[in-house]
Amino acid sequence: MSTSTPSTCTFTFTAHDGTELAYHVQGEGEPLLCLPGGAMRASAYLGDLGGLSAGRRLILLDLRGTGDSAVPADTSTYRVDHQVADVEALRSHLGLESADLLAHSASGNLALLYTAAHPQRVRRLALITPTCWAVDLAESPETRLADIRRRAGSEPYDTAIAAYERALAAIAAGGNPDEADWMAAMPLAYGRWDETARAHAALSPVQKNAEASAAFAGPGAFDPPATRAALGRFAGEALVLAGDLDSNPSPALAARLAELFARGVADVQRGGGHFPWLDEPRWFADRVERFLATGA
């Protein structure tokens, strides 16, 4: 079935376990499968990826239990390794022998697991400010603090840094950070804390499935040695794009991830944060399109 607006069409398909999943189509051209982060945030926050839809047909998947996708009967399937089958079901539903794949943030892990399991189905892989738990790469708290403290000296960043420090201290003590601290730290996720960024950040709690997010990287989700080995055999090309103002991943960690691929490259968007298509839309869309068209 489908519904539509002037710029976006929404379709549904059925996953292997009977869960009805939704995806949204924008633009014309070669298809690009897009996996949202969050973890487990509705794909609406990706927008048109800085105008990337001008040359690509964006296929924006709502992961199970988010956006217009149904909540699964078995919520243990929120764990990321179980969702690999959802991506494969989408590819099959679309009738694509193979496709380009883009993933943002936490869904970098989903894309890594999917590519490891189905390498012949991925042509080119674009990982946008990805987290890398699936291959046992992560920033230390000390490194992240050092990165964010580079922005100290003015508001709203001083207040955001203090909130982020409290959140990390709560985690280190074995507790849960105050949600208010996470929200107060949000300016650090953007290259510019302007009206667009504030509106984008305000939607995060509404668009994210908290239960699903907590289960996403649960125990047993990852086998880093096996995933690393499989990615080393991947014949396609991979781009890992970092923002130079982002702390997760930092440009240095993005470069380490790119090195796991036989044909991988890392690039850095100057002035970019964790959502780089908002910070410099034209640069972002041109860089990703160039990679998809001509390779690394």
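Residues numbered from 1 in each chain as written. Predicted model: local features only at pLDDT ≥ 70, side-chain atom pairs only at ≥ 80, totals over all residues. Heavy atoms only, no water.

**Observations concerning the overall build of the protein chain**
The secondary structure content of the protein chain amounts to 12 helices and nine strands. The globule rule puts the C-alpha radius of gyration for 296 residues at 19 Å, and the 18 Å found for the protein chain is close to it. Once the C-alpha set of the protein chain is aligned to its principal axes, its extents read approximately 50 × 45 × 40 Å. Here the analysis covers contacts within the protein chain between residues at least 6 apart in sequence; of these, 71% occur between residues at least 24 apart. Taking the average location of the 25 positive side-chain charges in the protein chain and that of its 36 negative ones, the two points are 5 Å from each other. (Helix = DSSP H or I, 4+ residues; strand = E, 2+ residues; numbered from the N terminus. Rg over C-alpha atoms; globule rule 2.2 N^0.38 Å. Contact = heavy atoms within 4.5 Å. Lys, Arg positive; Asp, Glu negative; His and termini not counted. Charge placed at Lys NZ, Arg CZ, Asp CG, Glu CD.)

**Looking at helix α3 (residues 141-148)**
Listing the buried residues of α3 in full gives Leu145, Asp147 and Ile148. Taken around the axis of α3, the buried residues stretch over an arc of 160°, which confines them to a single face. Along its buried surface, α3 packs onto α4 (157-172). (Buried < 20%, exposed > 50% of the residue type's maximum accessible area, 1.4 Å probe, protein only. Arc of directions from axis to C-beta.)

**A word on the pairing of strand β7 (residues 122-128)**
Across the seven residues that make up β7, a large majority, five, are buried. Relative to β7, strand β6 (residues 99-104) runs parallel, the two being bridged by five bridges. Each residue of the ladder has a partner; that of Leu101, found in β7, is Leu125. (Pairing = 2+ DSSP bridges.)

**Quick word on the environment of Asp136**
Among the structural elements, Asp136 can be located in the loop between β7 and α3. Residue classification places Asp136 among the exposed residues on the basis of a relative accessible area of 58%. Setting aside anything within four residues of it in sequence, one finds Asp136 in contact with Pro224 and Arg228.

**Regarding the packing of aromatic side chains**
What the rule picks out here adds up to 10 aromatic pairs. Judged by centre distance (5.5 Å) and plane angle (20°), the ring pair of Phe11 and Tyr23 falls under stacked. In this pair, Phe11 is assigned in strand β2 (residues 8-14) and Tyr23 in strand β3 (residues 20-26), connecting sequence segments 12 residues apart. On the basis of relative accessibility, which here comes to 5%, the residue Tyr23 falls in the buried class. Residues Tyr190 and Phe275 carry aromatic rings whose centres are separated by 4.9 Å and whose planes lie at 20° to one another, so their mutual orientation is stacked. With a gap of 85 residues between them, Tyr190 in the loop between α5 (179-184) and α6 (195-202) and Phe275 in the loop between β9 (264-269) and α11 (276-279) connect regions that are remote in the sequence. Across the pair, Phe275 and Tyr190 agree in class, each one buried. Counting every residue linked through ring pairs, the aromatic cluster contains Tyr45, Tyr190, Trp193, Phe275, Trp277 and Phe284. (Phe/Tyr/Trp six-rings, centres within 6.5 Å; stacked < 30°, edge-to-face > 60°.)

**So, helix α10 (residues 251-258)**
Regarding α10, the residues found buried are Leu253, Ala254, Leu257 and Ala258. For α10, the buried positions fall inside an angular range of 145° around the axis, keeping them on one side. Buried positions along α10 lie against α2 (107-117), β7, β8 (237-243) and β9.

**What to know about the confidence of the model for the protein chain**
Confidence in the prediction of the protein chain, expressed as mean pLDDT, is 95, and 98% of residues score 70 or more. Every residue in residues 1-6 is under pLDDT 50, and counting partners more than four places away or in other chains gives nine contacts. (pLDDT = per-residue confidence, 0-100.)

**Brief notes about the pattern of salt bridges**
Counted according to the given criterion, the structure contains 17 salt bridges. Here Asp86 makes a salt bridge to Arg64, at a shortest N to O gap of 2.7 Å. Linking Asp86 in helix α1 (residues 84-94) with Arg64 in the loop between β5 (56-62) and α1, this pair joins segments that are 22 residues apart in sequence. Each member of the pair, Asp86 together with Arg64, is buried. When the shortest N-O distance is used, the salt bridge between Asp194 and Arg192 registers 3.4 Å. Of the residues examined, Asp194 reaches a relative accessible area of 27% and is grouped as partly exposed. Linked by salt bridges that have partners in common, Glu30, Arg56, Asp100, Arg123 and Glu289 make up one network. (Salt bridge = Lys/Arg side-chain N within 4 Å of Asp/Glu carboxyl O.)

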